[in-house]
Structures are given as C-alpha cells and as structure tokens.
Amino acid sequence: MTDQISTVNDFYSLMKPRVMSLVIFTALVGIVMSPAYIHPFTAFIALLCIATGAGASGVLNMWYDADIDKKMKRTINRPIPLGLIPRSEAFTFGIVMSFGSVFVMGILVNWYAAAFLAITIFFYIVIYTIWLKRRTPQNIVIGGAAGAFPPVIGWLASSGSLSIEPIILFLIIFMWTPAHFWALALDISDDYKKVGIPMMPNTAGSKSTRRQILVYAIITSFVALSPFFVNMASVYYLISILLLDFIFIFLSCKLYYTDTIELQKKLAKKLFIYSIFYLFLIFAILLIEAIVKSLI
Amino acid sequence: MKNHTNSKNEVALKNQRLKSIAIACILFFLVVVFFLTTVIRIGGNITERIL
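Residues numbered from 1 in each chain as written. Chains lettered and ligands numbered in written order. Predicted model: local features only at pLDDT ≥ 70, side-chain atom pairs only at ≥ 80, totals over all residues. Heavy atoms only, no water.

### Things to note about the overall build of chain B
The line we're drawing: By definition, any uninterrupted DSSP run of H or I lasting at least four residues is a helix, any uninterrupted run of E lasting at least two residues is a strand, and each is numbered from the N terminus. For every residue, the accessible area (1.4 Å probe, protein chains only) is compared with the maximum for its type, and the residue is labelled buried under 20%, exposed over 50%, or partly exposed between those bounds.
The number of helices and strands found in chain B is 1 helix and 0 strands. Within the span of chain B, comprising 51 residues, buried residues form 12% of the whole.

In structure tokens form, the structure reads like this:
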C-alpha cells in the first residue's frame, strides 16, 4: 500500500533536485566551452541524459543509505525514511534511469559521453556510497570525482574527445569538494557520529578537519586560477576569481582559528553556503565568457 | 471510519493515476526525442532524395 501513497513529487525529490541543478549547470559549461559544434537539440538531449544519470545516482544513493537516513536529522524527511516510497521501488527506479540515461546518451549523442556517464554513476554508487562512505574519512575526497565528471561528460558530448580544458574543470570541482563537504560535516558532525559514518570531524577531530579545509581551499583557489593560464578565460575572470578566492581562504582561515564550538558550527555553515556560491560563480563566469567569445 | 478509508483509497487511486500519466508523458517524450534526433542526424533533405 505504501507505494500507492507516493506521489510524482516524491519520486522527483528522490532524485536530489538541488544536486542535479549544479550537475546540469557544470555540464552545460562543459558543452558550451567545447570548441566543437553541437546541434542545440543534441546538446539539450545530452543535458537531459546527464541530469537523469545524476538523478539516478541520487535515487540509488538514497536506496542504499535508507538505514542511516532515517536516523539523521538532515535526511529523515527523505521519501524512503518517511515510508512514502518502498526501498525496492526506489532501487528499480534508479536502475531503470541509470541504464536509460546511458543508452539514450549513447544512441542519440555519442558513446564516449555515455561511457563517462556510466563510469560516473558507477563511481558514485559503488565506489563512494557502497564502498568508501562507511569505511574511510577520505570518502568524500575520492568520491568527489563523481561530482566532478559532469563538465567532462558535457565536453565529450559536444566534441567526442578530451583535452586539458575539461580536465581543469574536473580538477576545480574535485579539489573544491572536500572543503565544501567537510564544512557541512563540521556543522552536523553529531548526526554523522550517531550513525557511525567516519566523517573527518569524527575521526580526525575538529582542529585537523579545519586545517584540511584550509589546505583544500588554498589548493582549490590555485586550481581555479588555472583557466586563465591555459587561455580558457580572460583577465576579467582572473580578477573575479582572485576576489572569490580571497573570500574563500579568508572564511577557511577564520574557521581554522576559531576556538568555540558554537562559533565553529556557525562559520562552517557560512563556509558551506559560500562554497556553493563560489563554485557557481566560477562556472558562471566561464560560461558567460564562452558565450561572449562565440558571439564575437 | 469507513469514510476515512474511502478517502484514503481515493487519494491512493489519484496518486496512482498521476504516476501513470507521468510515465506515459515520459514515454511519449522519448518517442518525440528519438524522432527529432533522427531527423536532425539524417537532415531535412531526406524527404527530397531520389527514390
């Protein structure tokens, strides 16, 4: 009977729409920045497949993590813990969408992009969710690769080949993920502790996590500058990113040197929100520059 | 109690119907997408070819 209570909206929220929106956006940047021509309709299909693949990953992640989701404050309102969608149904939904997105991408766009989409889904579910998440505090460092693939898939969908540019886009997201996610983990470390997930704040302690956040923020800041040095972006990009980097490092520094736990949580939340804004702006500037370049 | 069960069934039926409509829309959308992509790949001139 539970499956009849579920609505279309529940299935939609099972796909983690907020994560999906960032994936679509970064993939779009990959498509637009690629020098090869792609028919707008084919580009639309590629984005749709990437979005569906990302949604499928979200569904399968919720299917596997249903046992811990129902114990965590942050995830207790997801459709499976609420009993709106049975686990088996979520699994079927996720598998169908995974295979569907890969095959449609292969048939209608190209098989290189489809192969990368398949690798991304596999990486997120098997490597990150099933293998690493419950075993090592480095889970998000390695698992972050899954979230960094979309611009590469977008680039491949458009050009069918790889070069330094999509690798830089990949590296920006890959290096950004630990600082972003550990800021969240600091804020809700009690939640993760309760369910036994070895997030960095629970295994290495708050001080070590804050130091590592700062290190990753500095690395990300340097990587984010690299598009300018490989002629992917203009001097306007460089100036904007220098400003964004300064705020990113400043917030990370402030978090590192803060002693009171309450203030740390407050700052961690602030850094988490800023990191989303930071990544969005990097890709937005790259997107705008690519569009302007194509118009001139 | 009976009324409550009836309204619950009605909600369940309505949800089921909406999900069926959503699946139908997705399938129809896929058909359109495959058709349009075929046209784009082959090109509009396919209708003017010599048989």
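### Brief notes about the pattern of salt bridges
Residue and element names in this part refer to chain A. In plain terms, the rule: Should a side-chain nitrogen of Lys or Arg be within 4 Å of a carboxyl oxygen of Asp or Glu, the pair is scored as a salt bridge.
Evaluation of the coordinates by the stated rule reveals 6 salt bridges over all chains. Linking R78 and D69 is a salt bridge whose minimum nitrogen-to-oxygen distance equals 3.1 Å. This pair shows no difference in class: R78 is buried, exactly as D69 is. Ionic pairing is found between D190 and K265, a salt bridge with its closest N-O pair at 3.4 Å. Of this pair, D190 sits in helix 11 (residues 189–195) while K265 sits in helix 15 (residues 261–295); the two residues are 75 residues apart in sequence, bridging distant segments of the chain.

### What about unusual backbone geometry?
Of all residues except glycine, most have a negative phi; of all peptide bonds, most are trans. All names here are of chain A. Even without glycine at this site, K16 takes up a positive phi of about 50°. Topologically, K16 is positioned in the loop between helix 2 (8–14) and helix 3 (17–33). On the basis of relative accessible area, K16 is assigned to the buried category, the value being 15%. The phi angle at N231 is positive, at roughly 60°, despite the residue not being glycine. Within the fold, N231 resides in the loop between helix 13 (206–229) and helix 14 (235–256). Judged by its relative accessible area of 65%, N231 falls in the exposed class.

### Things to note about the packing of aromatic side chains
Residue and element names in this part refer to chain A. Basically, it comes down to this: Any Phe, Tyr or Trp ring, taking Trp's six-membered ring, that has another such ring centre within 6.5 Å forms a pair; planes under 30 degrees apart are called stacked, those over 60 apart edge-to-face, and the others tilted.
Counted under the stated rule, the structure contains 18 aromatic pairs over all chains. For the ring pair F246 and F250, a centre distance of 6.3 Å and an interplane angle of 15° mean the geometry is stacked. Here the residue F246 and the residue F250 both occupy positions in helix 14, the gap between them amounting to 4 residues, near one helical turn. Taking the centre distance of 6.1 Å and the plane angle of 55° together, the rings of Y274 and F277 count as tilted. You can see Y274 and its partner F277 sitting in helix 15, 3 residues apart, about one turn around the helix. By relative accessible area, which is 9% here, Y274 ends up buried. Among the residues examined, F277 registers a relative accessible area of 44% and is labelled partly exposed.

### A look at the nonpolar core
In summary, soluble globular proteins display a tendency toward joint burial of nonpolar side chains. All names here are of chain A. Applicable threshold: Working definition of a nonpolar core: buried Ala, Val, Leu, Ile, Met, Phe, Trp, Tyr and Cys residues. They are joined through side-chain atoms within 4.5 Å. Domain start and stop points were drawn from an automatic or database domain assignment. Should any heavy atoms of two residues lie within 4.5 Å, those residues are considered in contact.
Of all hydrophobic cores here, the largest spans 107 residues; its most connected members are M105, Y192, Y237, I282 and F283. Here this core spans two domains, and each of domain 1 (1–161) and domain 2 (163–296) adds at least three residues to it. Leaving out residues up to four positions away in the same chain, M105 has contacts with A46, C49, I50, N110, A113, A114, L117 and I153.

### Observations regarding the packing of helix 7 (residues 111–132) of chain A against helix 8 (residues 139–148) of chain A
All names here are of chain A. As a reminder of what qualifies: Orientation is described by lines fitted to C-alpha atoms, with helices fitted over the stretch in contact, and by angles between N-to-C directions that extend from 0 to 180 degrees. An angle below 35 degrees is treated as roughly parallel, one above 145 as roughly antiparallel, one from 65 to 115 as roughly perpendicular, and anything else as oblique. A clockwise turn of the near helix away from the far one marks a right-handed crossing, whereas an anticlockwise turn of less than a right angle marks a left-handed crossing. Amino acid classes used here: Ala, Val, Leu, Ile, Met, Phe, Trp, Tyr, Cys and Pro are nonpolar; Asp, Glu, Lys and Arg are charged; the rest, including Gly, are polar.
Helix 8 packs onto helix 7 with a crossing angle of 165° between their chain directions and a minimal axis gap of 8 Å. What the angle tells us is that helix 7 and helix 8 run roughly antiparallel. Considering how the two elements wind past one another, helix 7 and helix 8 form a crossing that is left-handed. Residues T120, F123, Y124, Y128 and L132 of helix 7 form the contact with helix 8, whose own contacting residues are N139, I140, I142, G143, A145 and A146. Looking at the contact of helix 7 with helix 8, its residues break down into 8 nonpolar, 3 polar and no charged.

### Some details on the interface of chain A and chain B
Quick reminder of the rule: Accessible surface is computed with a 1.4 Å probe, and the buried area is the amount of it that two parts give up when combined, taken over both parts together. Polar contacts, as counted here, are pairs of nitrogen or oxygen atoms within 3.5 Å of one another; within protein the pair requires one atom able to donate a hydrogen and one able to accept it, and residues that are adjacent in sequence qualify only if both atoms are side-chain atoms.
Listed by partner, the interface residues are 17 residues for chain A and 15 residues for chain B. The contact between chain A and chain B buries some 1,400 Å² in all, and 71% of this surface belongs to carbon and sulfur atoms. Here chain A and chain B share 0 salt bridges between them. For the interface between chain A and chain B, the tally reads 3 residue pairs in polar contact (both at pLDDT 80 or more). Broken down by secondary-structure element, the contributors of at least two residues to the side of chain A that touches chain B are helix 1 (2–5), helix 2, helix 4 (40–64) and helix 6 (87–108) of chain A. Take the side of chain A that touches chain B: its biggest share by element is 4 residues, from helix 4 of chain A. When the residues that make up the side of chain A that touches chain B are grouped by side-chain class, the tally is 12 nonpolar, 4 polar and 1 charged.

### Some details on helix 10 (residues 164–187) of chain A
Filter applied, for reference: For a helix, the expected span equals 1.5 Å multiplied by the residue count minus one.
Under the 1.5 Å per step criterion, the end-to-end length of helix 10 of chain A is 36 Å for 24 residues, consistent within 8% with the ideal 34 Å. Most of helix 10 of chain A is tucked away: 19 of the 24 residues are buried.

### Things to note about the domain arrangement of chain A
All names here are of chain A. On domain assignment, one finds that chain A holds domain 1 (1–161) and domain 2 (163–296). The distance between the C-alpha centroids of domain 1 and domain 2 comes to 22 Å. Each side of the interface is counted separately: domain 1 has 33 residues, and domain 2 has 34 residues. Of the roughly 2,900 Å² buried between domain 1 and domain 2, counting both surfaces, carbon and sulfur atoms make up 81%. The largest per-residue losses of area from domain 1 upon contact with domain 2 belong to F25, M33 and I140, which jointly make up 19% of the total buried on that side.

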